[in-house]
Amino acid sequence: MSSTRKRLFIKTYGCQMNVYDSERMRDVLAPLGYEPAEEPDGADLVILNTCHIREKAAEKVYSELGRLRPLKDEKAASGGMTIAVAGCVAQAEGAEIMKRAPVVDLVVGPQTYHKLPELIAQTHRARGEALDTEFEVEDKFDKLGNDRQVDGHTAFVTVQEGCDKFCTFCVVPYTRGAEWSRPVDQIVAEVRALAAKGVREVTLLGQNVNAFHGEPPAGREADGPWGLGQLVRHLALIGGIERIRFTTSHPRDMEEDLIQAFADTPKLMPYFHLPVQSGSDKILKAMNRQHTGEEYLAIIERLRAARSDIAISGDMIVGFPGETDKDFEDTLNLVRQVNYASCFSFKYSRRPGTPGAAMFNQVDEAVKTERLAILQDLLNQQQVAFNESQIGRTLPVLFEKAGRKDGQLHGRSPYLQSVHVDGPDHLIGRIADVRIEAASRNALTGQLVDGERSAA
Ligand code: 5AD
Ligand code: SF4
């Protein structure tokens, strides 16, 4: 007799929003009997949740589909394997995917995950093509509900989606659609439910999270839309939630109230991811960033005035069309002035359909490679210096899971650094003080001080 239990394998590429979306896909499919599988072999349903941000990320999907082909053939004799492509490649390339990779049964864009059960049923009926990449973001959240399966003590919560900024290098406005914020009450309900399931830290997600302007909670309609600072303060009142983070922000949407939240809300962790992309005003203009290097530095100064120990993180692109040695030098100078705790850096990748792709003054690949190495060297030095500056300090660490070695715990400092210590399992899900004794580029180690603390 065949069982109704089915195996679901999801592979997630790209940003944290995709990690969140993958969790929500697991949630909507659980009632249909889909249980998570560790690898695609023998799975009944394989979902690739894809990223379109750089060419490499998009191409990975096609090589993965190539690897899935023989697995699908093998599974044909025992119920078959359905292969779905979700996420931003699905949104951007749509039906093209099925033409290029006939192994794919269905394509589902980021706003229609709640329709997965229906789409899968359709595919099973027809074994034909199923494609759904409409934009209906409000519908999606209404239909997903709050019944999330929680694994661990930290969770992502999407509060805002989409982007209206149209940076000339970026596909997000095309794949994720226009900027939209979830209503505050809906977010509160989700965070309360997470807290009840043992979550202690929430990271609020949005492509432009600090542009958040959600419908206020019931009884506060007169306020008009709430900004991110108000939302953070409100979520800080929820029992069980000890730490709040958010990502990713845009310098143009920096409101004073959010900066103030770092001063007045201890649960808001002192870590801020604020991409600048370049230090050259000429390049920032060509990127349509709508801010200068000086304006960015002024924001960093205000953040540090509100919370002196705040760790700054960022994103940088080298080799945007027209970038000269002088422009690149301006980027290095800005990096020296900010002094990043951590920063992602990328070579510019030409994305079809974006204005940057059509610019005539593209930079040589070899020049991009050279500039990236120089920039990463500087950023690595800053990251090591930041980590080493914690040696001798006592930091509250939220322990998330057991470490790789026996008796070891893994947690995070307020500045999002990985921390490893020897300690008892019962500290998992709790915050305890750790005296930092050593630091590398990627992690801190130390000793537990004296049991657990109740708050960050
Ligand atoms: N090329 C290189 N990097 C890019 N990013 C976005 N689009 C591109 C592109 N076309 C980077 C930006 C953004 C991060 C998520 O990815 O730095 O902040
Ligand atoms: Fe892309 Fe710019 Fe929007 Fe960020 S702000 S998602 S980089 S267009």
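Residues numbered from 1 in each chain as written. Chains lettered and ligands numbered in written order. Predicted model: local features only at pLDDT ≥ 70, side-chain atom pairs only at ≥ 80, totals over all residues. Heavy atoms only, no water.

### What to know about the site of ligand 1
- Residues in close proximity to ligand 1 include Ile53, Arg54, Phe169, Gln277, Asp315, Ile317, Phe346, Lys347, Tyr348, Ser349 and Arg351, which together make up its full environment.
- In the model, a nitrogen atom of ligand 1 is placed 2.9 Å from a nitrogen or oxygen of the Phe169 main chain.
- At 2.6 Å, a side-chain N or O of Asp315 approaches an oxygen atom of ligand 1.
- Within the complex, the protein chains bury 87% of what would otherwise be the 400 Å² of accessible surface of ligand 1.
- Contributing elements (two or more residues each) for the shell around ligand 1: β13 (311-318) and β14 (342-347).
- For the shell around ligand 1, the per-class residue count stands at five nonpolar, two polar and four charged. (Near = heavy atom within 4 Å. Polar contact = N/O pair within 3.5 Å; in protein donor to acceptor, adjacent residues only side chain to side chain. Areas by Shrake-Rupley, 256 points an atom, 1.4 Å probe, with all protein chains shown as cover. Helix = DSSP H or I, 4+ residues; strand = E, 2+ residues; numbered from the N terminus. Nonpolar A, V, L, I, M, F, W, Y, C, P; charged D, E, K, R; others polar.)

### Some points on the domain arrangement of the protein
- Here the protein is partitioned into domain 1 (6-136), domain 2 (139-388) and domain 3 (394-452).
- One C-alpha centre belongs to domain 1, the other to domain 2; they are set 27 Å apart.
- Between domain 1 and domain 2, the buried area comes to about 2600 Å², and carbon and sulfur atoms account for 56% of it.
- Together, Met17, Tyr20 and Arg24 form the three largest contributors to the area buried by domain 1 at its contact with domain 2, with a combined 27%.
- If you look at where domain 1 meets domain 2, you find two salt bridges.
- Residues Glu190 and Arg24 are paired through a salt bridge, measuring 3.6 Å at the closest nitrogen-oxygen approach.
- The tally of links from domain 1 across to domain 2 stands at seven residue pairs in polar contact (both at pLDDT 80 or more).
- At the level of secondary structure, the elements contributing two or more residues to the side of domain 1 that touches domain 2 comprise α1 (16-29), α2 (55-75) and α3 (88-93).
- Of the residues forming the side of domain 1 that touches domain 2, the biggest block, eleven residues, is contributed by α1.
- Its residues assigned to classes, the side of domain 1 that touches domain 2 shows twelve nonpolar, six polar and eight charged. (Domains from an automatic or database assignment. Buried area = accessible area lost by both parts, 1.4 Å probe. Salt bridge = Lys/Arg side-chain N within 4 Å of Asp/Glu carboxyl O.)

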